[in-house]
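# Structural overview for review
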Amino acid sequence: MKALLRRLDPVPVLLSLPAGLLLGLFLLIPLAATAILSLQAFSLYTGIQSVFNLDNYVEIFSDGYFGEIFLRTARTAALTTVLTILIGAPEAVILMRMKAPWRGIFLLVALGPLLISVVSRTLGWALLFGSTGIINDVLIGLGLIAAPLQFMYTETGVVIALAHVLLPFMIISVMTTLQRLNPLVESASYSLGASGFTTFRRVILPQVLPGIFAGSIIVFAMAASAFATPQIIGGRRLKVVATLVYDEYLFSLNWPLGAALALLLFVIVIIVAVGFNQLAERRFRRLYG
Amino acid sequence: MTPEDANGHQRSPLVRISGLTKRYGNTTVVDRLKLDVGQGEFVSLLGPSGCGKTTTLQMIGGFVRPDGGKIELAGRDLTSVAASKRGLGIVFQSYALFPHMTAAENVAYGLEVRNVSRSERAEQVKAALDLVGLAPYGDRYPRAMSGGQQQRVALARALVIKPRVLLLDEPLSNLDASLREEMQVELRRIQQTTGTTTILVTHDQTEAMALSDRIVLMRSGQIEQIGAPEHVYDHPDTRFVANFLGKTNLFQGDVGQSKMRLGNLSWATPDATPDGPVTIAVRPEKIALADDGLPAKVSARTFQGGQWLLDLDTPHGPVLMQRQNVGARPPTVGERVCLTWSRDDMHLIREEAAR
Amino acid sequence: MSSSNGFWSLAFHTLFVIFVMAPIVVVCFMAFTPEGYLSMPTNGVSLRWFEALLNNKEFVGSFRISLALGAASATVAALISIPAAMAIVRYDFPGRTAFLTLCMSPLMVPSIVLGVAFLRFFSQIGMSGTLVGLTISHVILIVPYVLRTIMNSLGSLDSALDHAAASLGSSAWRTFRRVTLPLTLPGILSGWVLAFITSFDEVTMTIFISGPGTTTLPVRLMLYIEDSIDPLVAAVSTVLIVMALVVMLILDRLFGLDRMLIGRSPSDPDR
Ligand SMILES: Nc1ncnc2c1ncn2[C@@H]1O[C@H](COP(=O)(O)OP(=O)(O)OP(=O)(O)O)[C@@H](O)[C@H]1O
Ligand SMILES: [Mg+2]
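Residues numbered from 1 in each chain as written. Chains lettered and ligands numbered in written order. Predicted model: local features only at pLDDT ≥ 70, side-chain atom pairs only at ≥ 80, totals over all residues. Heavy atoms only, no water.

### As for the domain arrangement of chain B
All names here are of chain B. Note the cut-off: What counts as a domain boundary in this text is fixed by an automatic or database domain assignment. Whether two residues are in contact is decided by their heavy atoms, any of which lying within 4.5 Å being enough. As a working definition, buried area equals the accessible area (1.4 Å probe) given up by two parts on being put together, with both sides summed. Pairs of N or O atoms are called polar contacts if they sit within 3.5 Å, as long as, within protein, a hydrogen donor faces a hydrogen acceptor (for residues adjacent in sequence, only side-chain-to-side-chain pairs). The residue classification treats Ala, Val, Leu, Ile, Met, Phe, Trp, Tyr, Cys and Pro as nonpolar and Asp, Glu, Lys and Arg as charged. All others, Gly included, are polar.
Here chain B is described as being made up of domain 1 (15–240) and domain 2 (247–349). On a C-alpha basis, the centres of domain 1 and domain 2 stand 39 Å from each other. Tallying the contact residues gives seven residues for domain 1 and eight residues for domain 2. When the two sides are added together, the surface that domain 1 and domain 2 hide from each other amounts to roughly 710 Å², 43% of it contributed by carbon and sulfur. There are five residue pairs in polar contact (both at pLDDT 80 or more) connecting domain 1 and domain 2. A per-class count over the side of domain 1 that touches domain 2 returns two nonpolar, two polar and three charged.

Following this line, the structure appears as structure tokens:
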């Protein structure tokens, strides 16, 4: 031990101390405290009590109300992921093929929204969706529908807005994968006489797949725990786990239950992400050896 | 081989490396290296890629910590001295010029560190840029300079601090062929002007032979042979050295009864030569055509301007020979000839004895 | 991808651009309506809602708080990330991977979880609703972004530069000050700007921990929208969108937005 200490270079330790201390103190401890809080009981009259048990979790698992909200959260997150794949993956390939200066310009168009507040972006959808919203005007004007569709306070609306908010992550992920690959492979395929469709199916798609997988993990995790978008589009009527946690904390004041809900969401998201990641690694290890 | 002064007395070398060892995991990259470098000497570390040249230089420079051995500079142990306190000048393969400083600022940096006064700094920087022939370029930024110019700035920056030893890691490998030759001449001129003790790392044998007082041939972390370029060229200790330095023909012969035999050819050997199988090395330029000797058939002929290269098949394997492009036309492909060389141009290699 | 886009690709691309831009453009247009309710400005444009915004003490106050919070947390995050990045990129030390994981872990924790965790923690140590507490929480949230940008920038420096400086007799500190810092400055600035805008826009975590005197702009906007949607919120959003645009141009100039988000692109190798 002494020998180890003597050989230990103090410089990197000192350099990492400020960040290490701050994160240790203000990230790990609060998270641990939240885990403890989720084991405590709450009553409206006496507040948080110092009994520790799994009652909150039992309540979440046994009450169908919570089950329904968790299911809805999973459903919207999954549908959002599918939508970002359908839009983001082809667009990433298209962007990749663009030449200067178009590529730079449209890259800003595709990724720039990341820098705009989620609230503003979602507000845009609320304006488009509204009963006198532009989408319905256009659809009716085109004669596609007869009566206005309901987007506000529906899962459809939440999914569309969430997909818009999270789309840049899918594009980044797919483009990062494409960037690592040899740009000549596609030309090689054409030069071997393959058709456009064959080239897409046999050459492009397998290359894009790892990026789609990675992007899906990110998008799913963020969609499942998204708060602002479901809060604005879904409102009180269409709760997801995150908005439910918010209500428990700020209206019911049942912090222990809120903490249990938040942690459960966190754990589920982590499990899904890790599971998908393992699956992806097993599937793609050969490609990246 | 320790440098000797005019009277033949041994004087202590400026750099003395002994038992220098570096391991990465289980592989020993530099293995008990021992080397003395005299004041003002120009020594090249030469060897194939991955043989540990850079690692050796980095240990001398203080950027890689050795796992064993010692590096002494003028009798002082450097092994645990920080790189910034060693006072060595280093030119890196990538030049490592500070991109945000002009050429003059780059050169001035080492002086600034040494708290040299502003006016003196300007003077020394100018002198250093003059030395490398870049006087008018002081205000240029590195990215606005050619590879050769950047190379000179790096050299000036390393020399301006008047280092005890100059370390060069493949300084010319990023330059194109003609520029490289020009810079070789420059480098030799500058080294002789300043008299700075220099250690050069290279895998280019012509560069090493053109520049150095002595060549250190390395192979997988160990020294294969040390000596003056012409000595190592003419008297390689091992097949590896014979093959690495220039082209050579190797024959399997044997020695017995004070004779050295190759097929039915034979030569007298000095008495001391022990009996047994032996490798005979003959350089292509030492081989001549004759009426009698080793029978051979020309298998290919390459014209190189000043000379012809002939590939020949003989009973003792393929042979390469050079023929100056003077007078008679060389034999054509398929022609049968006889090869000969003088006894003195044959060099015997006994692998076991050498290692 | 060397082949070019065909007709169907360009058609898809057009729809994509419409999809991405529509909500943003709609917000900006509606902010200029002369009417008292949300509508497209078909009967002329007006700045009345921006004027209303300027006269709204709550929104203006929140804007100030968000600016201060963004600047403070980005600065603190940069100050602690520079040495951390140096340690991770330049040194090998026991616990290096664990330290890197710790620094990046805020990316893994959903903001909503961070929000509830900080709410409980700050109320226990008596820091709830304070600007200091908000700053700490934002620093933790943005450290991964700053750290990654600075690490990229440090990692792309030739390590021979450090060796060259050392061989000239430069101390580690002087080398840092005269060589490393100037050369990583664009990376540090990009990290700062990215961190600033991330902090400025953060709403999910902040809504839990901001107090009455420390309501940030996005939180104020969120709370306002929960009540009613009128052209005032469109005006606020327009301001946020313009800010994002400015930040985007700065980042693109400093570092290349594509390089920052996607990594070096093979088609412009000297970027
Ligand atoms: N940091 C390191 N970790 C592990 N192995 C290393 C490291 N640095 C060098 N090596 C190994 O040590 C050996 C010698 O490397 P070195 O760079 O000294 O070779 P070199 O003679 O300079 O070759 P070249 O002519 O290609 O530059 C190589 O096999 C290399 O792979
Ligand atoms: Mg090398």
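Back to the write-up after that little detour.
### A short note on the UniProt feature "transmembrane region" (unreviewed entry) in chain A
Residue and element names in this part refer to chain A. As a reminder, the rule being used: UniProt positions are given in the numbering used here, feature names are shortened, and annotations may be inferred rather than shown by experiment. To qualify as a helix, a DSSP run of H or I must reach at least 4 residues; to qualify as a strand, a run of E must reach at least 2; elements of each kind are numbered from the N terminus.
The feature "transmembrane region" (unreviewed entry), as given by UniProt, occupies residues 21–45, 65–88, 100–119, 125–146, 158–178, 184–200, 212–233 and 253–276 in the numbering adopted here. Spanning residues 21–45, this segment combines 68% helix with 16% strand, and its end C-alpha atoms are found 38 Å apart. Annotated as residues 158–178, this span is 100% helix and 0% strand, and its ends, taken at the C-alpha atoms, are 30 Å apart.

### Describing the UniProt feature "domain: ABC transporter" (unreviewed entry) in chain B
Per the UniProt entry, the sites bearing "domain: ABC transporter" (unreviewed entry) are residues 15–245 of chain B in this numbering. The annotated region residues 15–245 of chain B carries 36% helix and 26% strand content, and the separation between its end C-alpha atoms amounts to 25 Å.

### A word on the interface of chain B and chain C
We apply this condition: Put simply, a salt bridge is a Lys or Arg side-chain nitrogen that is within 4 Å of an Asp or Glu carboxyl oxygen.
Every contact between the two is made by 22 residues of chain B and, on the other side, 17 residues of chain C. Buried surface at the junction of chain B and chain C, both sides included, amounts to about 1700 Å², of which 63% is carbon and sulfur. When the buried surface of chain B facing chain C is broken down by residue, Ser 84, His 100 and Tyr 109 of chain B rank first, second and third, together holding 29% of it. The interface formed by chain B and chain C holds two salt bridges in total. Viewed at the interface, chain C and chain B are joined by five residue pairs in polar contact (both at pLDDT 80 or more).

### Overview of the nonpolar core
Looking at soluble globular proteins, one finds that nonpolar side chains tend to be buried together. Keep this limit in mind: To form a nonpolar core, buried Ala, Val, Leu, Ile, Met, Phe, Trp, Tyr and Cys residues must be joined to one another through side-chain atoms within 4.5 Å. Burial here depends on accessible area, computed with a 1.4 Å probe over protein chains only, as a share of the maximum for the residue type. Under 20% is buried, over 50% is exposed, and the range in between is partly exposed.
In this structure, Ile 171, Val 245 and Tyr 249 of chain A, Phe 98 and Leu 155 of chain B together with Phe 208 of chain C are the most contacted members of the largest nonpolar core, which totals 245 residues. Tallying contributions element by element places helix H8 (residues 155–180) of chain A first for this core, with 13 residues. Aside from chain neighbours lying at most four places away, what touches Phe 98 of chain B is Asn 106, Tyr 109, Pro 142 and Arg 157 of chain B together with Leu 161, Ala 164, Ala 165, Leu 168 and Val 179 of chain C. With 21 residues, the next largest nonpolar core counts Ile 287, Leu 312, Val 337 and Met 346 of chain B among its residues.

### Things to note about a nonpolar patch on the surface
Residue and element names in this part refer to chain C. Put simply, the test is: Nonpolar side chains (Val, Leu, Ile, Met, Phe, Trp, Tyr) within 5 Å and like charges within 9 Å form the patches, drawn only from residues with over 30% relative accessible area and no salt bridge. Residue-level accessible areas treat just the shown protein chains as cover; the underlying method is Shrake-Rupley with a 1.4 Å probe.
Among the surface-exposed residues, Leu 185, Leu 189, Val 242, Val 246, Ile 250 and Leu 254 lie close enough to one another that they form a single nonpolar patch of about 460 Å² accessible area. Mapped by element, the contributors of at least two residues to the nonpolar patch are helix H8 (172–201) and helix H11 (231–254). Top element by residues in the nonpolar patch is H11. It accounts for four residues. Looking at the element boundaries, Val 242 is found in helix H11. Note on Val 242: relative accessible area 44%, which makes it partly exposed.

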